[in-house]
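Residue-level structural notes
The primary structure of each chain is shown beneath.
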Amino acid sequence: MRSLGINVGSSSIKLALMDDNTLVWSTVVPHEGDLPGTLKNALREGNIEEGIKTLVTGTEGRFLFNVNSTVETLCLEEALRTSGEKVDALVTMGGEDLVVYTVNKDGKIQNNFSGSKCASGTGEFFKQQLGRMDMALEDVNSISPDAKVLSLSSRCSVFMKSDCTHRLNKREATKADIVLSLSNVMATKVIDFLNRAHIDSGRVLICGGVTLNKHIIDFIRKAAPNIEFIVPETASYYEAVG
């Protein structure tokens, strides 16, 4: 039986079309605030038929559509069950939020750890800083291998933005240095939340659009060598499956 999962995030809409337990189509589309228009275009792209069984999730977005909805934690638990992944924690990295969930031996989420609403460690902030440097997300994984990590004012997004601008204007850093340094800040936040959750070994699954930045994943793995980090190839599946 075919079913559709929709995740409405702060930056994008993710759709996953399932045929029983098989993923047959998925997409991730930036919505730029136009949720109805973006969803209509995505449904058209996927040739989604009317009347298909649908489940929508997302912190606030799930309330915007007249279809069945659920909280993301239940979707994540179902994704773990379906995939067969046995993990001690799960990290979601999106445009607005970074959350670490602890998982028990039955695959159920026990607790969650997240930061303040400061944007300095989020995907959307990273994307905005790329835009200020006339760079696109596609440029991130092809920066110069000579790039170096710089210390940035990471407590506040305003200070961090000013720090990046100052270093570029003073030619104290290259664009590649800023990309690598911001990636390191985001990875450090993940490690901090894992420490708060008392996760220093075992297996941790990381999902969300931010995982497409290979530098962040590399920094995370180097900072916690005793943890096995799993990054699914189809990150949207773990967010959108219903």
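About the cut-offs
- Residues numbered from 1 in each chain as written.
- Predicted model: local features only at pLDDT ≥ 70, side-chain atom pairs only at ≥ 80, totals over all residues.
- Heavy atoms only, no water.
- Axes fitted to C-alpha atoms, helices over the stretch in contact; angles between N-to-C directions.
- Helix = DSSP H or I, 4+ residues; strand = E, 2+ residues; numbered from the N terminus.
- Parallel < 35°, antiparallel > 145°, perpendicular 65-115°, else oblique.
- Left-handed = near helix turned anticlockwise from the far one by under 90°.
- Contact = heavy atoms within 4.5 Å.
- Pairing = 2+ DSSP bridges.
- Buried < 20%, exposed > 50% of the residue type's maximum accessible area, 1.4 Å probe, protein only.
- pLDDT = per-residue confidence, 0-100.
- Expected span 1.5 Å × (residues − 1).
- Core = buried A, V, L, I, M, F, W, Y, C linked by side-chain atoms within 4.5 Å.

Brief notes about the packing of helix α5 (residues 175-196) against helix α6 (residues 214-223)
- As a packed pair, α5 and α6 sit with axes 8 Å apart at the nearest point and diverge in direction by 45°. Between α5 and α6, the interaxial angle falls into the category oblique. The handedness of the crossing between α5 and α6 is right-handed. Of the residues in α6, those touching α5 at L180, S183, N184, M186, A187, V190 and I191 are H215, I216, F219, I220 and A223.

Description of the sheet that holds strand β1 (residues 2-8)
- Spatially, the 4 strands line up as an open sheet ordered β3-β2-β1-β4, and their pairing is mixed. In this open sheet, the two edge strands, each paired with only one partner strand, are β3 (22-30) and β4 (53-57). Taking each pair of neighbouring strands and ignoring which way they run, the sheet shows an average axis angle of 15°.
- In this structure, strand β2 (residues 12-19) lies alongside β3, joined through 8 bridges in antiparallel fashion. When the sheet's bridge partners are listed, D19 is paired in β3 with T22.
- Together, β1, β2 and β3 form the strand contacts of helix α1 (residues 35-45), whose direction differs from that of β3 by roughly 145°.

A few points about unusual backbone geometry
- For E32, which is not glycine, the phi torsion reads 50° and is therefore positive.
- Within the secondary structure, E32 is located in the loop between β3 and α1.
- Classification of E32 by relative accessible area gives exposed; the value is 68%.
- Its identity is not glycine, yet N47 carries a phi of approximately 50°, on the positive side.
- Relative to the assigned elements, N47 resides in the loop between α1 and β4.
- Residue N47 is classed as exposed on the basis of its relative accessible area, which comes to 64%.

Thoughts on the confidence of the model for the chain
- Averaged over all residues, the pLDDT of the chain is 86; the fraction at 70 or higher stands at 91%.
- When the elements of the chain are averaged for pLDDT, helix α7 (residues 237-240) gives the smallest value, 40, and strand β9 (residues 227-230) the largest, 96.
- Considering only residues more than four positions removed or in separate chains, one finds that residues 235-242, a stretch of pLDDT under 50, has 32 contacts.

Re the sheet that holds strand β6 (residues 98-103)
- With mixed pairing, 5 strands are arranged side by side in an open sheet as β7-β6-β5-β8-β9. Edge strands, defined here as strands with exactly one partner in the open sheet, are β7 (109-114) and β9. For this sheet the average axis-to-axis angle between neighbouring strands, irrespective of direction, equals 25°.
- Packing of α5 onto the sheet brings it into contact with β5 (89-93), β6, β7, β8 (202-207) and β9, and relative to β6 it is tilted by some 35°.

What about helix α2 (residues 72-83)?
- Helix length check: α2 (12 residues) gives 16 Å between terminal C-alpha atoms against 16 Å at 1.5 Å per residue, within 8%.
- Every buried residue belonging to α2 is among C75, L76, E77, A79 and L80, and all of these are buried.
- Where α2 ends, the next residue or the one after it, G84, has phi of about 80°, a positive value.

Thoughts on the environment of Y101
- Within the secondary structure, Y101 is located in strand β6.
- Remark: the alpha-carbon pair of Y101 and E32, spanning 69 residues in sequence, is separated by 28 Å.
- In contact with Y101, other than residues within four places in its own chain, are T73, L76, D88, A89, L90, T92, I109, N111 and N112.

A closer look at the nonpolar core
- V91, M93, L194, V204 and I220 are the most contacted members of the largest nonpolar core, which has 42 residues in total.
- Mapped onto this core, the elements with two or more residues apiece are β5, β6, α3 (123-132), α4 (157-169), α5, β8, α6 and β9.
- Excluding anything up to four places from it in sequence, V91 contacts L98, V99, V100, V190, L194, V204, L205, I206 and C207.
- L4, I6, V8 and L39 belong to the second largest nonpolar core, which has 14 residues in total.

Considerations on the side chain of S12
- Structurally, S12 is set in strand β2.
- Residue class for S12 comes out buried when judged on its relative accessible area of 12%.
- Excluding anything up to four places from it in sequence, S12 contacts N7, V28, V29, P30 and H31.

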